[in-house]
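A closer look at the structure
Spelled out from the first residue to the last, the chains are:
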Amino acid sequence: MKRIKRTAAAVALTASVLLVSACSSGTVPDATENAADGKPIVNKENWPEKIPSSGLAKNLSLPLETYMASYEDQVTVEQAANDLQQSCMKDYGIDLTLPRAGANPPPSDNDANIERRYGITDRAEAEKYGYELPPALREHTRQPMRELSGVEVEVLTGHTEPEPVEAAQGARAAGPLAAPGQGVKPARAEYNGKKLKSGGCIGWSREQLGVREADPVVVAELAGDSLMESMKDDKVVEATAAWSSCMDGKGHEGLADPYKAMDRGVTSDGKPSQESIALAVDDIDCKEQTDLVKIWFGVESAIQNEQITDNKSRLTGVKEQHGKEVAAAREQAAASAR
């Protein structure tokens, strides 16, 4: 059960953990080229679809997704914050180029991770990659950022550079942007004759956009709860058992649920084997045969509708706050373009 809880939490929070990127059409300049390899730094073709257009999750969108930030909106806010931080640093006489948002998209548009929420769902991808992600999502676009001096860290973050610490394997671990409380002290009062901003240029950029970090977590936690609750529903238990029996019949014994199949099918080197592909294809075929995804989605949708009713005021506030942040980010992007 502990493993299932961990899996459910990971599925529900997968996209929010990274919180990397933001960009809506028209708010972020066209993709720039990486001088190192000629590939676009930001390639929107690799961005996840808002709603899946293929596989067993085609056209599925859970009720709570209405209150989740899309990847495009995340990129919009992050890029606006980056632009503000660069401008802020320049006011102190510091030239700094931050990585562009949207360069390394997640596999799902939002925290629901609907494409893999109930295990893999796209047969065409399974035939090629098994349980692995498509190559475009496994690649990482590197955007090297120059090393910051101690005073630059203070101006940017509002605190000193953290003291290096020994990682578990003995490696040095700690980055200049570590959060306060990780061996850091308050920044100096001023630099180049200008008073430093509270929270540094990063804190200032968030204030300008009205960003509140806690809001996305509220919805993700509800989504995690709904997934856990749905697993206990008689309809889901019965459908999962039917799926497991179907997998037994195809020679894949001992798989209690689709997460077990994912655990077994993921390869250590990230390269799908013929065995993992065969398992993945049978997994999806059994889901289709037993209507597992449809049943599970229906049960969880009902649970989430109840959650929305019980938390309407709170969720409405989250949605309104998110709208304000995106609007402020778009306004900032427009101002930067002028």
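Residues numbered from 1 in each chain as written. Predicted model: local features only at pLDDT ≥ 70, side-chain atom pairs only at ≥ 80, totals over all residues. Heavy atoms only, no water.

1. Considering the overall build of the chain
Short version of the rule: Numbering goes from the N terminus for both helices and strands, where a helix is a DSSP run of H or I of at least four residues and a strand is a run of E of at least two. Burial classification: accessible surface area is computed with a 1.4 Å probe over protein chains only, and a residue below 20% of its type maximum counts as buried, one above 50% as exposed, and the rest as partly exposed. Should any heavy atoms of two residues lie within 4.5 Å, those residues are counted as being in contact. Residue exposure ignores everything except the shown protein chains as possible cover, and the areas themselves are Shrake-Rupley values with a 1.4 Å probe.
Helix and strand content of the chain: 12 helices and four strands. Relative to its 338 residues, the chain shows a buried fraction of 46%. Pairs at least 24 apart in sequence give 76% of the contacts found in the chain among residues at least 6 apart. Accessible surface, the chain: about 17,600 Å² in total, of which carbon and sulfur atoms supply 50%.

2. Let's talk about the pattern of salt bridges
Quick reminder of the rule: In what follows, salt bridge is the name for a side-chain nitrogen of Lys or Arg lying within 4 Å of a carboxyl oxygen of Asp or Glu.
This model, assessed by the stated rule, comprises eight salt bridges. Among the salt bridges present, the one from Lys-50 reaches Glu-72, with a minimum N-O distance of 3.2 Å. Within this pair, whereas Lys-50 is found in the loop between helix H1 (2-18) and helix H2 (71-91), its partner Glu-72 is found in helix H2, the two being separated by 22 residues in sequence. One salt bridge in this structure joins Arg-123 and Asp-285, with 2.7 Å as the shortest N-O distance. Taken together, the residues Arg-123 in helix H3 (residues 123-129) and Asp-285 in helix H10 (residues 274-290) connect sequence positions 162 residues apart. The class for Arg-123 is partly exposed, based on a relative accessible area of 30%. Several salt bridges converge on common partners, so that one network encompasses Arg-123, Glu-127 and Asp-285.

3. A closer look at the packing of helix H9 (residues 258-265) against H10
A pair of packed helices is captured by two measures, namely the crossing angle of their axes and the spacing between those axes. Here is the rule: Where helices are involved, their axes are fitted lines through C-alpha atoms of the stretch in contact, as for all axes, and angles between N-to-C directions lie from 0 to 180°. Throughout this description, any angle smaller than 35 degrees is read as roughly parallel, any larger than 145 degrees as roughly antiparallel, any in the 65 to 115 degree range as roughly perpendicular, and the remainder as oblique. Should the near helix be turned counterclockwise from the far one by less than a right angle, the crossing is left-handed, whereas a clockwise turn marks it as right-handed. Three classes are used, and their members are as follows: Ala, Val, Leu, Ile, Met, Phe, Trp, Tyr, Cys and Pro are nonpolar, Asp, Glu, Lys and Arg are charged, and the others, Gly among them, are polar.
Relative to each other, H9 and H10 sit at 165°, their axes nearing to 10 Å. Classified by the angle between their axes, H9 and H10 sit roughly antiparallel to one another. Viewed along their axes, H9 and H10 form a crossing whose handedness is left-handed. In contact with Pro-258, Ala-261, Arg-264 and Gly-265 of H9, H10 contributes Ser-276, Leu-279, Asp-283 and Lys-287. For the contact of H9 with H10, the class distribution of residues is three nonpolar, two polar and three charged.

4. Considering helix H8 (residues 234-249)
Threshold: One fewer than the residue count of a helix, multiplied by 1.5 Å, yields its expected span. The arc in question is formed by the directions pointing from the helix axis toward the C-beta atoms.
Relative to the 22 Å expected for 16 residues at 1.5 Å per residue, H8 spans 23 Å between its end C-alpha atoms, a close match to the ideal helical length. Every buried residue of H8 is accounted for by Val-236, Ala-239, Thr-240, Trp-243, Ser-244, Cys-246 and Met-247. Buried residues along H8 cover an arc of 160° about the axis, so they all sit on one side. For H8, the exposed residues set more than 90 degrees away from the buried face come down to Asp-234, Glu-238 and Gly-249.

5. Points about the nonpolar core
General note: in soluble globular proteins, nonpolar side chains tend to be found buried as a group. Heads up, the rule is: What makes a nonpolar core is a set of buried Ala, Val, Leu, Ile, Met, Phe, Trp, Tyr and Cys residues whose side-chain atoms join them at distances within 4.5 Å.
Core analysis: the largest hydrophobic core is formed by 42 residues, its most contacted members being Leu-64, Tyr-118, Tyr-131, Val-219, Trp-243, Trp-296 and Leu-315. Going through the elements one at a time, helix H7 (215-231), H8, H9, H10, helix H11 (292-310) and helix H12 (312-337) are the ones with two or more residues in this core. For this core, the element with the highest residue contribution is H11, accounting for seven residues.

6. A few points about the environment of Pro-52
Following the sequence through the fold, Pro-52 ends up in the loop between H1 and H2. Assessed through its relative accessible area of 4%, Pro-52 is described here as buried. Measuring from C-alpha to C-alpha, the distance between Pro-52 and Asp-122 comes to 9.5 Å, with 70 residues separating the pair along the chain. Other than its neighbours up to four places away in sequence, Pro-52 contacts Ala-57, Lys-58, Asn-59, Leu-60, Ile-114 and Glu-115.

7. Focus: a negative patch on the surface
Test applied: Exposure above 30% relative accessible area and the absence of a salt bridge qualify a residue for a patch, where like charges join within 9 Å and nonpolar side chains (Val, Leu, Ile, Met, Phe, Trp, Tyr) within 5 Å. Only four residue types enter the tally: Lys and Arg on the positive side, Asp and Glu on the negative side; His and the chain ends are excluded. Taken as the charge centre is NZ of Lys, CZ of Arg, CG of Asp or CD of Glu, depending on the residue.
A cluster of like negative charges, contributed by Glu-221, Asp-225, Glu-229, Glu-306 and Asp-310, occupies part of the molecular surface. At the level of elements, H7 and H11 are the ones that each hand at least two residues to the negative patch. Per-element accounting of the negative patch gives the leading share, three residues, to H7.

8. Quick word on the confidence of the model for the chain
The cut-off we apply is this: The predictor attaches a confidence to each residue, called pLDDT, with possible values from 0 through 100.
With 82% of its residues at a pLDDT of at least 70, the chain reaches an overall mean of 86. Confidence drops under pLDDT 50 across residues 167-174; counting only partners more than four residues distant or on other chains, this segment forms 12 contacts.

9. Details of the packing of aromatic side chains
Two aromatic rings, taken as a pair, are described by how far apart their centres are and by the angle between their planes. What counts is decided by this rule: Side-chain rings of Phe, Tyr and Trp (the six-membered ring for Trp) are treated as a pair once their centres are within 6.5 Å; stacked means planes under 30 degrees apart, edge-to-face means over 60, and tilted covers the remaining angles. Counting as a charge over the ring demands two things of the Lys NZ or Arg CZ atom: a distance within 6 Å of the ring centre and an angle within 35 degrees of the ring normal.
For the structure shown, the criterion picks out three aromatic pairs. A ring pair is formed by Trp-47 and Tyr-71, whose centres lie 5.2 Å apart and whose planes are at 85°; its orientation type is edge-to-face. Placement of the pair is Trp-47 in the loop between H1 and H2 and Tyr-71 in helix H2, with a sequence separation of 24 residues. When its relative accessible area of 13% is taken as the criterion, Trp-47 is described as buried. Here a set of aromatic residues connected by ring pairs shows up, and it is made of Tyr-118, Tyr-259 and Trp-296. Here the basic side chain of Lys-194 rests over the ring of Tyr-92, its NZ or CZ set 5.1 Å away from the ring centre.

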